[in-house]
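Tertiary structure, described
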Amino acid sequence: MAKKQFKTESKRLLDLMINSIYTNREIFLRELISNASDALDKRHFLSLTDKDYRYDKLEILLEPDGVNRTLTITDNGVGMSREEMEKNLGTIAHSGSEEFRRKYEDSSTADIIGQFGVGFYSSFMVADKVVVESKTANQPASRWVSNGQDGYTIEDCDKEDIGTRITLYLREDNDEVKYSDYTDRYKIHELVRKYSDYVRYPIMMETEKSVPKPDSDGEYETVLEMTTLNSMVPLWKRNRKDITEDDYNNFYSSKYYDWEKPLKTVHYSMEGNVSYTALLYIPSRLPYNFYSKDYEAGLQLYSKGVFIMEHAKDLLPDYYSFVRGLVDSDDVSLNISREILQQDSQLQSLRKSITRKIKSTLVDMMIKEREQYEKFYRTFGNSLKYGVYQNYGANKEELQDLLMFYSSKEDKYVTLKEYKERMKPQQNEIYYCTGESIDKIKKLPQIETLLDKGFEILYCIDEIDEFTLMMMHDYDGKQFKSAQKADALNESEEEKKQKEELQKGNEGLLQKMASALSDKVKEVRISSRLKNNPVCLVADEGISLEMEKYLSQLPGEQKAKATKILEINPNHDIFKVLQNVYEKSPDEIDEYADLLYQQAMLIEGFTLDDPVDFSNRICRLMKKANEQAGH
Ligand code: ADP
Ligand code: MG
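Here the structure is a predicted model, which means the values were calculated and not measured. (Residues numbered from 1 in each chain as written. Chains lettered and ligands numbered in written order. Predicted model: local features only at pLDDT ≥ 70, side-chain atom pairs only at ≥ 80, totals over all residues. Heavy atoms only, no water.)

**Looking at unusual backbone geometry**
- Here Arg69, not a glycine, exhibits a phi torsion of approximately 55°, which is positive.
- The topology assignment puts Arg69 in the loop between β1 (60-65) and β2 (70-75).
- Residues other than glycine seldom take positive phi values, yet Met232 does so here, at roughly 70°.
- With respect to the helices and strands, Met232 occurs in the loop between β8 (220-228) and α6 (245-256).
- Using a relative accessible area of 24% as the deciding quantity, one classes Met232 as partly exposed. (Helix = DSSP H or I, 4+ residues; strand = E, 2+ residues; numbered from the N terminus. Buried < 20%, exposed > 50% of the residue type's maximum accessible area, 1.4 Å probe, protein only.)

**A closer look at the confidence of the model for the chain**
- Across the chain, the average pLDDT comes to 88, with 91% of residues at 70 or higher.
- In the predicted structure, residues 93-101 sits below a pLDDT of 50 and forms 14 contacts with residues beyond four places in sequence or in another chain. (pLDDT = per-residue confidence, 0-100. Contact = heavy atoms within 4.5 Å.)

**Topic: the sheet that holds strand β19 (residues 478-482)**
- In spatial order, the strands read β15-β14-β17-β16-β19-β18; together these six strands make up an open sheet with mixed pairing. What marks the edges here is a single partner per strand, and that holds for β15 (413-415) and β18 (474-475).
- As paired strands, strand β14 (residues 404-407) and β15 are joined by three bridges and run antiparallel to one another. Looking at the pairing, Met404 lines up with Thr415 of β15.
- Packed onto the sheet, helix α8 (residues 370-393) meets β14 and β15 and runs at close to 115° relative to β14. (Pairing = 2+ DSSP bridges. Axes fitted to C-alpha atoms, helices over the stretch in contact; angles between N-to-C directions.)

**Focus: the nonpolar core**
- Grouped together as the largest cluster of nonpolar side chains are 68 residues, with contacts concentrated most on Leu301, Tyr320, Leu350, Ile354, Tyr373, Phe376 and Leu384.
- The leading source of residues in this core is helix α7 (residues 345-368), at seven residues.
- Core analysis: the second largest hydrophobic core is formed by 56 residues, Tyr179, Tyr198, Phe251 and Tyr302 among them. (Core = buried A, V, L, I, M, F, W, Y, C linked by side-chain atoms within 4.5 Å.)

**A look at the pattern of salt bridges**
- This model, assessed by the stated rule, comprises 50 salt bridges.
- Lys481 is the partner of Asp487 in a salt bridge, and the nearest nitrogen-oxygen pair spans 3.6 Å.
- On the accessibility criterion, Lys481 (12% relative accessible area) is buried.
- Between Lys512 and Asp590 there is a salt bridge whose closest N-O contact spans 3.3 Å. Here Lys512, found in helix α15 (residues 507-516), pairs with Asp590, found in helix α18 (residues 589-603); they are 78 residues apart in sequence, far enough to count as distant.
- Exposure remark for Lys512: the relative accessible area of 21% places this residue in the partly exposed category.
- On the basis of relative accessibility, which here comes to 33%, the residue Asp590 falls in the partly exposed class.
- Overlapping salt bridges bring together Asp519, Lys520, Glu591, Asp594, Asp613, Arg617 and Arg620 as one network. (Salt bridge = Lys/Arg side-chain N within 4 Å of Asp/Glu carboxyl O.)

**Some remarks on the sheet that holds strand β10 (residues 276-282)**
- Taken together, five strands build an open sheet; the order of strands is β9-β10-β13-β11-β12 and the sheet is mixed. Each edge of the open sheet carries a strand with a single partner, namely β9 (264-270) and β12 (306-312). The mean angle between the axes of side-by-side strands here comes to 15°, regardless of whether they run parallel or antiparallel.
- As judged from the six bridges shared by β10 and strand β13 (residues 324-329), these two strands associate in the antiparallel manner. Each residue of the ladder has a partner; that of Ala278, found in β13, is Val327.

**Notes on the packing of aromatic side chains**
- Inspection of every chain in the model, using the stated rule, returns 31 aromatic pairs.
- Each ring, one from Phe28 and one from Tyr182, has its centre 5.1 Å from the other, and the planes form 80°; the classification is edge-to-face. Here Phe28 is found in helix α2 (residues 27-47), whereas its partner Tyr182 is found in the loop between β6 (163-170) and α5 (185-195), with 154 residues between them in sequence. With respect to class, Phe28 is no different from Tyr182; both count as buried.
- Judged by centre distance (6.1 Å) and plane angle (40°), the ring pair of Phe376 and Phe380 falls under tilted. Remark: Phe380 and Phe376 occur in helix α8; sequence separation between them is four residues, near one turn of the helix.
- Classification of Phe380 as buried rests on a relative accessible area of 0%.
- One residue, Lys549, lies across the ring of Phe606, its end atom 5.4 Å from the ring centre. (Phe/Tyr/Trp six-rings, centres within 6.5 Å; stacked < 30°, edge-to-face > 60°. Lys NZ or Arg CZ within 6 Å of the ring centre and 35° of its normal.)

**A few points about the state of the cysteines**
- On inspection of all chains with the given rule, the structure shows zero disulfides.
- Not engaged in a disulfide, the cysteine Cys433 finds its nearest cysteine sulfur in Cys460; these two sulfurs lie 8.1 Å apart. (Disulfide = S-S within 2.5 Å.)

**Describing the packing of α8 against helix α13 (residues 463-472)**
- The contact between α8 and α13 brings their axes to 9 Å, and the two run at 45°. Taken together, α8 and α13 sit at an angle that is classed as oblique. Note on packing geometry: the crossing formed by α8 with α13 is left-handed. Along its contact with α8, which presents Asn382, Lys385, Tyr386, Val388, Tyr389, Tyr392 and Gly393, the element α13 presents Ile464, Asp465, Phe467, Thr468, Met471 and Met472.
- Split into classes, the residues belonging to the contact of α8 with α13 amount to eight nonpolar, three polar and two charged. (Parallel < 35°, antiparallel > 145°, perpendicular 65-115°, else oblique. Left-handed = near helix turned anticlockwise from the far one by under 90°. Nonpolar A, V, L, I, M, F, W, Y, C, P; charged D, E, K, R; others polar.)

**Considerations on the packing of α15 against helix α17 (residues 573-584)**
- Between α15 and α17, whose axes approach to 10 Å, the crossing angle comes to 90°. By the criterion of interaxial angle, the relationship of α15 to α17 is roughly perpendicular. Of the residues in α17, those in contact with Gly508, Leu509, Lys512 and Met513 of α15 are Phe575, Leu578, Gln579 and Tyr582.
- Along the lines of polarity and charge, the residues of the contact of α15 with α17 split into five nonpolar, two polar and one charged.

**Some remarks on the pairing of β19**
- Here strand β16 (residues 429-434) runs beside β19; their pairing, made up of four bridges, is parallel. Following the sheet pairing, Tyr432 is matched in β19 by Ser482.
- Of the strand pairs in this sheet, β18 and β19 are connected by two bridges, and their pairing is antiparallel. Bridging from a neighbouring strand, Asp474 pairs with Gln479 of β19.
- What sits between β18 and β19 in their antiparallel hairpin is a turn of two residues, with Asp476 showing a positive phi close to 50°.

This is the structure:
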């Protein structure tokens, strides 16, 4: 019998696939079962109009044979004629295979192939001889045989029933791979459950069962019993009305090993540009490895109930990487030859649609279940804030209305929209203040007057907050403004005039203080933002006080610092003390300036460069006070 050659491109691809790239051999079974399932679909379709294709029961049968080292996959689907076998099995990946080969021949990401369908030829990853016997309704049966290397033979054969029977002659075991595993019934059962659980037709195999031995007491024996390996109807394909909350939660915990109930479950189907069903979960708590590189984001991807990949990263934007779940789409191809994942426009549409759904779910939760949303936000809010910061704020529009910050006015988390709606008529900016904790921020001197005047301030306690707000620049036309920065805050004309007069009248004192602190601050000046505190620090343009603290924790030598300005409260007793000292013994001003500066640093949460010096200065002051009191 003459051997027919594979097309050259097919052969090169084959070599590549079999010998190098495939680390994920086991998916061959998924591929063959999926082909069988397609063939069953086709037969069912034909049976509607052609009585020759009628059937009793459509099914797939797996028969492992450990002795002969074979695995046989039989279906009673549509079958193939001789011509169809030549056409379908003689060419690999009809379309696009050349492009595929070019991409992967010199690529280290070859592994990715394991996540796609490569179809029938994947059988050669485990077998060195494959026999396909097939029969259609109105043609004689044919047998196709190949070793996957140098072509194939095709001949007539005896086969009564319509359908296809594929026998894999497994390769010899070697040090790396135990191909004989694929005759192990447990192993096969496991693979079917992993990859093909939701195939709509029963996948049958004889499995070992332990049963009581007849006519004996208590003794058991192992028998083979025909078993359906797959559960056939996946949870997400069942009618929503028939699914209980428990069903959803159990599915979640068994799949994601999280025993806490998910905060939100979203199960929906979409028809349109790309049709799909998705089952998405928002966890209640942070996955333990969420911030490590071990955390694998992405949704599970199925095509017509056939598992394709575990973590399809491209289905979710980074900022929603906390969402878990799966997507099942009829429009996603199992076959690698069409397109690879990132470039697949179907997947792009999927991603868009899923992203939109997650957003609307979150918005809905924010409006209707505020407490739930706050819980969510406390857990995953940083992902959203980081999402705004990333890519130079490209996702600002998408995410800004999902953000929340702690409000001085409400004593709880509020949205930017809520803040904006409450702004006073004379207010043009959104005020915020950063610090380590809400309690610490509440006591910051810089916001005394602002609070006193009844303005609302957003308290930011996460490191990312200020970076996010600066990246956003404004919300709906209202700029963000830090209460800890040099610009005056909502100062009236009168306040401004008063301040300038005081500034002029105390020029000498302020300059003397400034030169005492010349290596620490840029300026010492009269403040309009203080009420009960004597002094505070504010930052000039650029790096903020909070950022300086953050940057100081990072590794490296050179650390950028905020340009600081020391502001003095002209209504505070200490100011009169300073004026007095300046008048009577101006040289002592240096000591006072230093102390006040160090106090301001402490209030702001900085650590002092020289705490011993600070302590000594206070002691000197105490001693002097005691002497002056005449003791
Ligand atoms: P794909 O399934 O993406 O078309 P495959 O390489 O898996 O690519 O299969 C190639 C073709 O071989 C199928 O399209 C189908 O026409 C045919 N085929 C494979 N397996 C079977 C089967 N069990 N029954 C009938 N036809 C089959
Ligand atoms: Mg296929």
